[in-house]
Amino acid sequence: RAELARTPLQTQTGMMFRKTMGENEGMLFVFPWPHQTGFWMLNTYVPLSIAYMDPAGVIVEIHNLQPQDTNSVVAASSNIVYALETPQGWFERHGVRPGTRVVSERGPLPDIFTFGQPGR
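Residues numbered from 1 in each chain as written. Predicted model: local features only at pLDDT ≥ 70, side-chain atom pairs only at ≥ 80, totals over all residues. Heavy atoms only, no water.

A. Broad picture of the pattern of salt bridges. Applying the stated criterion across every chain, the model contains 2 salt bridges. Close ionic contact of Glu3 with Arg18 constitutes a salt bridge, the shortest N to O distance being 2.5 Å. Of the two residues, Glu3 is situated in strand S1 (residues 2-5) and Arg18 in the loop between helix H1 (8-13) and strand S2 (26-35); the sequence distance between them amounts to 15 residues. A relative accessible area of 38% means that Glu3 is categorised as partly exposed. Note that Arg93 and Glu23 form a salt bridge whose closest N and O atoms lie 2.9 Å from each other. Of this pair, Arg93 sits in helix H2 (residues 90-93) while Glu23 sits in the loop between H1 and S2; the two residues are 70 residues apart in sequence, bridging distant segments of the chain. For Glu23, a relative accessible area of 35% puts it in the partly exposed group. (Salt bridge = Lys/Arg side-chain N within 4 Å of Asp/Glu carboxyl O. Helix = DSSP H or I, 4+ residues; strand = E, 2+ residues; numbered from the N terminus. Buried < 20%, exposed > 50% of the residue type's maximum accessible area, 1.4 Å probe, protein only.)

Spelled out as structure tokens, the structure:
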């Protein structure tokens, strides 16, 4: 179950200030265009993993993020449209690797979001 960071404030705040996170919880970030993005962990107390995804919703990179680390973890790719934060190690524990296409109960991410905005 992933929350959706929709507004600029939600995108800037992300998982900040939270003390706990359930095993199957996460936060999905949707960007308005493909770019090279980076995340940091200022005021974030829960260790996270992040998957950077391309416009097709395919995971191209997975990184671990450490609590309170203010160094940005920048994607190697400049073609990132989605990012999914989960509890640290979730992707590994569930056998999710780069090359995996992420879909929601509503379908593939590109069918739901058009250039970062909710679609249908």
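Now that the structure has been shown, we can carry on.
B. Seen up close, the pairing of S2. With 4 bridges joining them, S1 and S2 adopt parallel strand pairing. Each bridged residue has a counterpart across the sheet, and for Ala5 the counterpart in S2 is Phe29. Relative to strand S7 (residues 80-87), S2 runs antiparallel, the two sharing 5 bridges. Counted as the bridge partner of Val30 is Tyr82 from S7. (Pairing = 2+ DSSP bridges.)

C. Inspection of the nonpolar core at higher detail. Among the nonpolar cores identified, the biggest contains 17 residues, and Phe29, Phe39, Leu48, Ile50, Tyr52, Leu65 and Ala83 are the most heavily contacted of them. At the level of secondary structure, the elements contributing two or more residues to this core comprise S2, strand S4 (48-53) and S7. Filtering out sequence-adjacent residues up to four positions away, Leu48 remains in contact with Met15, Met21, Met41, His63, Asn64, Leu65, Glu85, Thr86, Pro87 and Gln88. (Core = buried A, V, L, I, M, F, W, Y, C linked by side-chain atoms within 4.5 Å. Contact = heavy atoms within 4.5 Å.)

All quantities given are derived from atomic positions and should not be read as evidence of function.
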